[in-house]
Amino acid sequence: MKIIFLGAPGAGKGTQAEIVAEKYAIPTISTGNIIREALKNGTEMGLKAKAFIEAGQLVPDEVVIGIIKERLAKGDCDNGFILDGFPRTIPQAEALDAMGIIIDRVVDIEVPDEAIAERMTGRRVCPDCGASYHIVNKKPEKEGICDSCGAALVQRKDDAPETVADRLKVYHDQTEPLKGYYEKTGKLKIVEGLGSVADITARVLKALED
Ligand code: AMP
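What comes next is a walk through the structure.

Criteria and thresholds
Residues numbered from 1 in each chain as written. Predicted model: local features only at pLDDT ≥ 70, side-chain atom pairs only at ≥ 80, totals over all residues. Heavy atoms only, no water. Helix = DSSP H or I, 4+ residues; strand = E, 2+ residues; numbered from the N terminus. Buried < 20%, exposed > 50% of the residue type's maximum accessible area, 1.4 Å probe, protein only. Contact = heavy atoms within 4.5 Å. Areas by Shrake-Rupley, 256 points an atom, 1.4 Å probe, with all protein chains shown as cover. Polar contact = N/O pair within 3.5 Å; in protein donor to acceptor, adjacent residues only side chain to side chain. Pairing = 2+ DSSP bridges. Axes fitted to C-alpha atoms, helices over the stretch in contact; angles between N-to-C directions. Near = heavy atom within 4 Å. Nonpolar A, V, L, I, M, F, W, Y, C, P; charged D, E, K, R; others polar. Phe/Tyr/Trp six-rings, centres within 6.5 Å; stacked < 30°, edge-to-face > 60°. Lys NZ or Arg CZ within 6 Å of the ring centre and 35° of its normal. Core = buried A, V, L, I, M, F, W, Y, C linked by side-chain atoms within 4.5 Å.

## Some points on the overall build of the protein chain
When helices and strands are counted, the protein chain shows nine helices and seven strands. With the C-alpha coordinates of the protein chain rotated into their principal frame, the extents come out at 45 × 40 × 35 Å. The burial tally for the protein chain puts 45% of its 210 residues in the buried class. For the protein chain, the share of sequence-separated contacts (at least 6 apart) that also reach a separation of at least 24 residues comes to 69%. Taken as a whole, the protein chain presents about 10,600 Å² of accessible surface, with 52% of it coming from carbon and sulfur.

What follows is the structure in structure tokens.
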């Protein structure tokens with residue numbers, strides 16, 4: 001199964017992608033995670049992306065398309081995959097089509113902007129192992145400390161309130177038009193993204209199995 005998860009940043013795509021990936025035994029590919037990893041390692045691609053990511057802007061299409069081409073060529077994608085955070089623009093979707101990739105389902109997780117802003121500004125992440133928490137909804141056992149590896153949690157620079165507003169604008173301007181793009185293919189399923197993680201997973205699985 002080849003699946004795309006659409007939705008605003010902070011709509012819960014990442015969490016759902018991980019759950020579904022495990023159930024279907026396919027990899028989840030997050031361009032955001034790949035870029036953050038490159039940033040952390042100081043690679044050339046990471047340096048190119050740094051200013052964009054920190055300002056809440058999209059990294060140029062050619063950079064992310066290159067990342068995806070390289071990643072999808074790996075053998076673990078042969079039986080399917082989940083794309084989390086790609087495509088985010090019409091040219092990226094066109095590039096995927098041009099690669100000859102036939103997507104089975106596009107799941108759009110919808111959450112109102114106000115709820116997104118609350119989720120993102122309250123998110124805290126572990127800089128070492130990547131685990132994600134929330135100051136209200138998913139507290140670590142010990143405040144500010146990662147349950148999995150004990151590192152001090154941080155707020156992603158792009159989760160700061162002023163950047164979140166910019167990211168939502170970027171989403172509405174550049175990514176939301178993808179709904180129309182995939183609606184035309186008949187593969188788009190819209191899932192209500194408010195509620196518990198388990199409830200949303202149930203809706204997502206139903207959308208995939210319908
Ligand atoms: P995410 O963790 O998916 O919200 O991604 C974090 C940041 O990485 C975004 O705000 C963008 O700067 C960059 N990014 C991730 N995926 C893409 C993409 N498909 N196109 C452009 N920029 C991206």
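## Quick notes on the side chain of Lys-179
Relative to the elements of secondary structure, Lys-179 occurs in helix H8 (residues 177-183). Here Lys-179 falls in the buried class, since its relative accessible area comes to 18%. Engagement of the side chain of Lys-179 in a polar contact is seen with the side chain of Glu-110, the distance being 2.6 Å. Setting aside residues no more than four positions away along its own chain, Lys-179 makes contact with Leu-6, Asp-108, Glu-110, Leu-188 and Ile-190.

## Comments concerning the environment of Gly-180
Among the structural elements, Gly-180 can be located in helix H8. Judged by its relative accessible area of 32%, Gly-180 falls in the partly exposed class. In this structure the C-alpha to C-alpha distance between Gly-180 and Ile-90, which are 90 residues apart in sequence, comes to 10.0 Å.

## Topic: the sheet that holds strand S2 (residues 28-30)
Spatially, five strands are ordered S2-S3-S1-S4-S7 in an open sheet, and the strand pairing comes out parallel. This sheet does not close on itself; its edge strands, each paired only once, are S2 and strand S7 (188-192). Taking the axes of each pair of neighbouring strands and ignoring which way they run, one obtains an average angle of 20 degrees across the sheet. In this structure, strand S4 (residues 105-110) lies alongside S7, joined through five bridges in parallel fashion. Paired with Asp-108 across the strands is Ile-190, a residue of S7.

## Examining the site of the ligand
Close to the ligand lie 16 residues; Thr-31, Arg-36, Gln-57, Gly-85 and Gln-92 are nearest. Within the side chain of Arg-36, a nitrogen or oxygen atom sits 2.9 Å from an oxygen atom of the ligand. Between the ligand and the protein, one listed contact pairs a nitrogen atom with a backbone N or O atom of Val-59 at 3.0 Å. Expressed as a share of its isolated accessible area of 480 Å², the protein-covered part of the ligand is 95%. Looking at which element gives the most residues to the shell around the ligand, the answer is helix H2 (residues 31-41), with four residues. The residue inventory of the shell around the ligand, partitioned by class, reads six nonpolar, five polar and five charged.

## Examining the packing of aromatic side chains
In total, this model carries one aromatic pair according to the counting rule given. With a centroid separation of 5.1 Å and 80 degrees between ring planes, the pair formed by Tyr-181 and Tyr-182 is classed as edge-to-face. Just as Tyr-181 is buried, Tyr-182 falls in that class too. Sitting above the plane of the Tyr-133 ring, Lys-138 keeps its charged end 5.8 Å from the centroid.

## Concerning the nonpolar core
Considering soluble globular proteins, one finds that nonpolar side chains tend to be buried as a cluster. Ile-4, Leu-72, Phe-81, Leu-83, Leu-96 and Tyr-182 are the most contacted members of the largest nonpolar core, which has 27 residues in total. Elements that contribute at least two residues to this core include exactly strand S1 (2-7), helix H3 (44-54), helix H4 (61-72), strand S3 (81-84), helix H5 (90-98) and H8. Broken down by element, this core gets its largest block of residues, six residues, from H4. Among all residues touching Tyr-182, those that are not within four sequence positions of it are Ile-4, Leu-6, Pro-87, Ala-93, Leu-96, Val-106, Lys-187 and Leu-188. Ala-11, Ile-200, Leu-205 and Ala-207 belong to the second-largest nonpolar core, a separate cluster that totals 23 residues.

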